[in-house]
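Listed below are the residues making up each chain.
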Amino acid sequence: MGLFKEKLKNFYNKIVGEQASAEYIARGWAIGMFWGCICPFGFQLLCSIPSSFLLKGSKIGATLGTFITNHFSIFVIYPLQCYVGCLLIGRPVGYADIKSAMGKVISEQSYEALMGTGVDLAIGFFVGGALLAAIMTPITYFGVKHMVNSYRRRHQMQ
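Residues numbered from 1 in each chain as written. Predicted model: local features only at pLDDT ≥ 70, side-chain atom pairs only at ≥ 80, totals over all residues. Heavy atoms only, no water.

Enquirer: I'd love a proper account of the packing of aromatic side chains, names of residues and values included.
Expert: Inspection of every chain in the model, using the stated rule, returns five aromatic pairs. With 6.0 Å between their ring centres and 75° between their planes, Y12 and Y151 make a pair best called edge-to-face. Taken together, the positions of Y12 in helix α1 (residues 2-17) and Y151 in helix α8 (residues 119-157) put the pair 139 residues apart, joining distant regions of the chain. We classify Y12 as partly exposed; its relative accessible area is 23%. Where Y141 meets F142, the ring centres are 5.0 Å apart and the plane angle is 85°; that geometry is what we call edge-to-face. An aromatic cluster of three or more residues is present, and its members are Y78, F125 and F126. For K59, the ring lying beneath its charged end belongs to F53, and the centroid distance is 4.5 Å. (Phe/Tyr/Trp six-rings, centres within 6.5 Å; stacked < 30°, edge-to-face > 60°. Helix = DSSP H or I, 4+ residues; strand = E, 2+ residues; numbered from the N terminus. Buried < 20%, exposed > 50% of the residue type's maximum accessible area, 1.4 Å probe, protein only. Lys NZ or Arg CZ within 6 Å of the ring centre and 35° of its normal.)

Shape descriptors only; they carry no functional weight alone.
In structure tokens, the structure reads:
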């Protein structure tokens, strides 16, 4: 447990320790979160880094924010994202079908594998990702901004 706590503390220090405005830092993290939700694993950095330049956000945040989807979380997030997305487009798909189709996508990490799952599932993936992004992006922005401002207020008083 000590190693996990230390890693979490280092991660927190990366967020709050960047020498920039709280808005700049939060914008970068929100950009990373957005692309981490919308884009398939492996393509997120190709979108988040250029976006952080265009939208003037933290490059560190844009990079680390994409880690919502990582080698551990994609086994939960992607099937759920596809399931919800398929429900939203009116083409419900069973979990077993999603699990089978997503296994290849996760192992190959390519758009060809994603498109090979079928049009409905591919569209469901992006629709579900858009919903996840719509929820997580503002939460990330305001959460990181609050975290940075709180940290700075505490350390100014000392």
